[in-house]
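For reference, the chains in residue letters:
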Amino acid sequence: MYHLPDLAVRNVRSQFDRFEWAWSSHAAPWDHALAFADPAMEPDVDAAQHLGQLAQWQRGDTGVPLVDAGMRELWETGRMHNRVRMVAGSWLTKNLGIHWRHGEEWFWDTLVDADAASNPFNWQWVAGSGDDAAPYFRIFNPLTQQEKFDPSGKYVGRWAPQALLPGYPEPMVDVKASRKIALEAYNDIKGGV
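How each quantity is defined
- Position numbers for residues start from 1 in each chain and track the written sequence from start to end.
- Confidence filtering applies because this is a predicted model: local features only for residues at pLDDT of at least 70, side-chain atom pairs given and counted only at 80 or more, and all residues used for totals across whole chains, interfaces and linings.
- Note that water and hydrogens are dropped before the side-chain values are worked out from all heavy atoms of the structure.
- Planes of paired rings set the category: under 30 degrees apart is stacked, over 60 is edge-to-face and the rest tilted, where pairs are Phe, Tyr or Trp rings (Trp by its six-membered ring) whose centres lie within 6.5 Å.
- Exposure is judged per residue with a 1.4 Å probe applied to protein chains only, and the accessible area is read against the type maximum: over 50% gives exposed, under 20% gives buried, and values in between give partly exposed.
- Numbering of helices and strands starts at the N terminus; helices are DSSP runs of H or I of at least 4 residues and strands are runs of E of at least 2.
- The term polar contact refers here to a pair of N or O atoms within 3.5 Å; inside protein, the definition further demands a hydrogen-donor-capable atom paired with an acceptor-capable atom, and it admits residues adjacent in sequence only when both atoms are side-chain atoms.
- Should any heavy atoms of two residues lie within 4.5 Å, those residues are counted as being in contact.
- How sure the predictor is of each residue is captured by pLDDT, a score from 0 to 100.
- We count a salt bridge whenever a side-chain nitrogen from Lys or Arg sits within 4 Å of a carboxyl oxygen from Asp or Glu.
- Axis lines are fitted to C-alpha atoms, over the contacting stretch for helices. Their N-to-C directions set the angle, which ranges from 0 to 180 degrees.
- Note on residue classes: Ala, Val, Leu, Ile, Met, Phe, Trp, Tyr, Cys and Pro are nonpolar, Asp, Glu, Lys and Arg are charged, and everything else, Gly too, is polar.
- Nonpolar cores are built from buried Ala, Val, Leu, Ile, Met, Phe, Trp, Tyr and Cys residues. Side-chain atoms within 4.5 Å join them into one set.

Undergrad: Explain the packing of aromatic side chains here, please?
TA: The relation between two aromatic rings is expressed through the spacing of the ring centres and the mutual angle of the planes. Scanning the entire structure with this criterion turns up 9 aromatic pairs. Aromatic side chains Phe 16 and Phe 19 sit 6.1 Å apart centroid to centroid with 40° between the ring planes, which places their arrangement in the tilted category. As far as burial versus exposure is concerned, Phe 16 and Phe 19 are alike and both buried. Seen from their ring centres, Trp 57 and Trp 123 are 6.0 Å apart, and the 75° between their planes marks the pair as edge-to-face. Here Trp 123 lies in helix 5 (residues 118-127) and Trp 57 lies in helix 1 (residues 45-59), a separation of 66 residues in the sequence.

And the structure:
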């Protein structure tokens, strides 16, 4: 924080300043009575769509069982397993294309162990915009992450039990198609990355 005092609001790697993450200045969780982003708060139609997606992510209603379980655990306990933090962060920034700052602000507001340096550093790591960041092309597949790290469904069953039942909604965006879109967007700025 001494060297990067604006870590929570500025990309460490300036190339990412031109990355087209969805952003809304109306998404602060404390601005809404229900604490979740609400599309009605945003006058811009495109940003309002992303606020709706942000709210789904915040509530754990993405249709991705591991992400939904993690987000519900976070809301209920103020905690989330580190692996699930990375998967939920990757889903928000890469599959949904929503700015890492929205995730950082939500985690800052909900985590009991939020830290002024660790929280934005971790978000920038996941998004690919920070020091020692994950390679931009690392996009966690939340379905294979669940198969690998929660094969019995114990974690998902605890926090999002309906996700293990037939009829659970499909992911809000296609996992493979959204990965492809993210990789194309990251490749557009790759020259300076």
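Continuing now.
Undergrad: How should I be thinking about the side chain of Gln 145 in this particular structure?
TA: Mapped onto the secondary structure, Gln 145 falls in helix 6 (residues 142-149). Within polar-contact distance, the side chain of Gln 145 engages the side chain of Arg 83 at 3.0 Å. For Gln 145, the residues in contact, after removing those within four places along its chain, are Leu 66, Arg 83, Val 87, Phe 140 and Asp 150.

Undergrad: What am I meant to see in the confidence of the model for the protein here?
TA: In low-pLDDT segments, the atomic positions of the prediction should not be examined closely. Averaged over every residue, the pLDDT of the protein is 87; residues scoring 70 or more account for 87%. The secondary-structure element of the protein with the lowest mean pLDDT is helix 1, recorded at 84, while helix 7 (residues 154-159) shows the highest, at 98.

Undergrad: Would you mind going over the pattern of salt bridges with me for this structure?
TA: Close approach of charged atoms allows side chains with opposite charge to pair. For the structure shown, the criterion picks out 5 salt bridges. The salt bridge involving Arg 59 is made with Asp 61; its shortest N-O contact spans 3.1 Å. Here Asp 61 makes a salt bridge to Arg 72, at a shortest N to O gap of 3.1 Å. One end of the pair, Asp 61, is in the loop between helix 1 and helix 2 (65-77); the other, Arg 72, is in helix 2, and 11 residues separate them in sequence. A single network of salt bridges, built from pairs that share partners, joins Arg 59, Asp 61 and Arg 72.

Undergrad: Which parts of the structure should I look at to understand the packing of helix 3 (residues 82-95) against helix 8 (residues 175-188)?
TA: The description of two packed helices rests on the angle between their axes and on the distance between the axes. Running from amino to carboxyl end, helix 3 crosses helix 8 at an angle of 65°, the nearest separation of the two axes being 9 Å. Listed contacts from helix 8 to Trp 91, Lys 94 and Asn 95 of helix 3 are Val 175, Ser 178, Arg 179, Ala 182 and Tyr 186. A class-by-class count of the residues in the contact of helix 3 with helix 8 yields 4 nonpolar, 2 polar and 2 charged.

Undergrad: Would you explain the nonpolar core in this entry?
TA: Where a protein is soluble and globular, its nonpolar side chains tend to be buried together. Counting residues in each nonpolar core, the largest one holds 43 residues, and the members touching the most others are Trp 57, Val 67, Met 71, Met 80, Trp 91 and Phe 107. For this core, the elements supplying multiple residues, two or more each, are helix 1, helix 2, helix 3, helix 4 (100-110), helix 5, helix 7 and helix 8. With 6 residues, helix 3 is the single largest residue contributor to this core.

Undergrad: When you look at the environment of Gln 162 in this model, what are you seeing that I'm missing?
TA: Within the secondary structure, Gln 162 sits in the loop between helix 7 and helix 8. Measuring from C-alpha to C-alpha, the distance between Gln 162 and Pro 65 comes to 8.9 Å, with 97 residues separating the pair along the chain. Those residues in contact with Gln 162 that lie beyond four places of it in its chain are Arg 72 and Tyr 168.

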